[in-house]
Amino acid sequence: MINTYQTSLAPPPVPPRSRSQPVLIPASLPSQGHNKVLIRFLVGVVVLHLFLSLAGFFYLYYHEHMEKHFSAEDTGRWPSSQKQEMDKQDTIYKALARMAVKRTADKKTSGCLQWDTTHSVLRGINYYEQIWLTIPETGFYYVYSRVTFSKGDSKIPLASKVQLRKNEAAKSIEDVMKAYCYLESTKNPHMCTATQGDLILLEKGNQLSLWVQDLSLVDYDEGATSFGIYKL
């Protein structure tokens, strides 16, 4: 059966639906004690940085100031003229020798030259057995020799050698320098000069001598033949 009942009343209103709102849970705030620790740490870092900066500044200032002070003090203590005089004296008192050759009656063909101490210069260098020069202290020495030969065979080279032995008791002798000259290679066919010079590290007590190939051909005139040592 069909219901044909009608009414003029409006239907009741639909009740509003409730919307779900998100529930916010407040975050826990850091404790007051944690903040104090962080602040103390930051303050400590700043103070340490400031301290290191000040320490570095004072160190550089003190170092530069003291360097200038000692430099000025040394300058005042040693005037330039006095310092030059001291350097000059240091140079004067360095060991050296300049030997003049001595004419001998020895008729040996080869051997070491003997020295005329009367016309030689010896300062700090000891003279031993007429041919050896003894080194007073270890160091670098400039050693030179000049031997002039006169007459002889023009086809045979004439030699001179600087010989070294460790001390006066040593039996072994070594050649540390050698020089040669040919009579035919010079303008004067009856004279030639063998010259040599070198820097040698010598020890205290070492001895040097000058050996020549033919003693009878040596020119004994002053300045023609000589031997010298100078400590650097």
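Here the structure is a predicted model, which means the values were calculated and not measured.

A.B. asks: What exactly am I supposed to notice about the environment of L210 here?
C.D. replies: Topologically, L210 is positioned in strand β10 (residues 207–212). Distance in space between the C-alpha atoms of L210 and L133 is 9.7 Å, their sequence separation being 77 residues. Residues contacting L210, with those up to four places away along its chain left out, are G111, C112, L113, W115, S145, V147, S160, K161, V162, Q196, S226 and F227.

A.B. asks: Can you walk me through unusual backbone geometry in this structure?
C.D. replies: Backbone geometry follows two general trends: most residues other than glycine have a negative phi, and most peptide bonds adopt the trans configuration. Positive phi, normally seen in glycine, also occurs at E129, with a value near 50°. Residue position: E129 is located in the loop between β4 (126–128) and β5 (132–134). Unusually for a residue other than glycine, Q130 sits at a positive phi of about 70°. Note on placement: Q130 falls in the loop between β4 and β5. Q130 sits in the partly exposed class, given a relative accessible area of 39%.

A.B. asks: Please explain the state of the cysteines as it appears in this structure.
C.D. replies: Note on terminology: disulfide describes a covalent bond linking the sulfur atoms of two cysteines. Counted according to the given criterion, the structure contains one disulfide. Shown here is the disulfide that connects C181 with C192, its sulfur atoms set 2.2 Å apart. Taking the sign of the torsion about the S-S bond as the criterion, the disulfide between C181 and C192, at about 45°, is right-handed. One end of the pair, C181, is in strand β8 (residues 174–181); the other, C192, is in strand β9 (residues 191–202), and eleven residues separate them in sequence. By relative accessible area, C181 is classed as buried at 6%. Residue C192 is classed as buried on the basis of its relative accessible area, which comes to 2%.

What counts, and at which threshold
Residues numbered from 1 in each chain as written. Predicted model: local features only at pLDDT ≥ 70, side-chain atom pairs only at ≥ 80, totals over all residues. Heavy atoms only, no water. Helix = DSSP H or I, 4+ residues; strand = E, 2+ residues; numbered from the N terminus. Contact = heavy atoms within 4.5 Å. Buried < 20%, exposed > 50% of the residue type's maximum accessible area, 1.4 Å probe, protein only. Disulfide = S-S within 2.5 Å.

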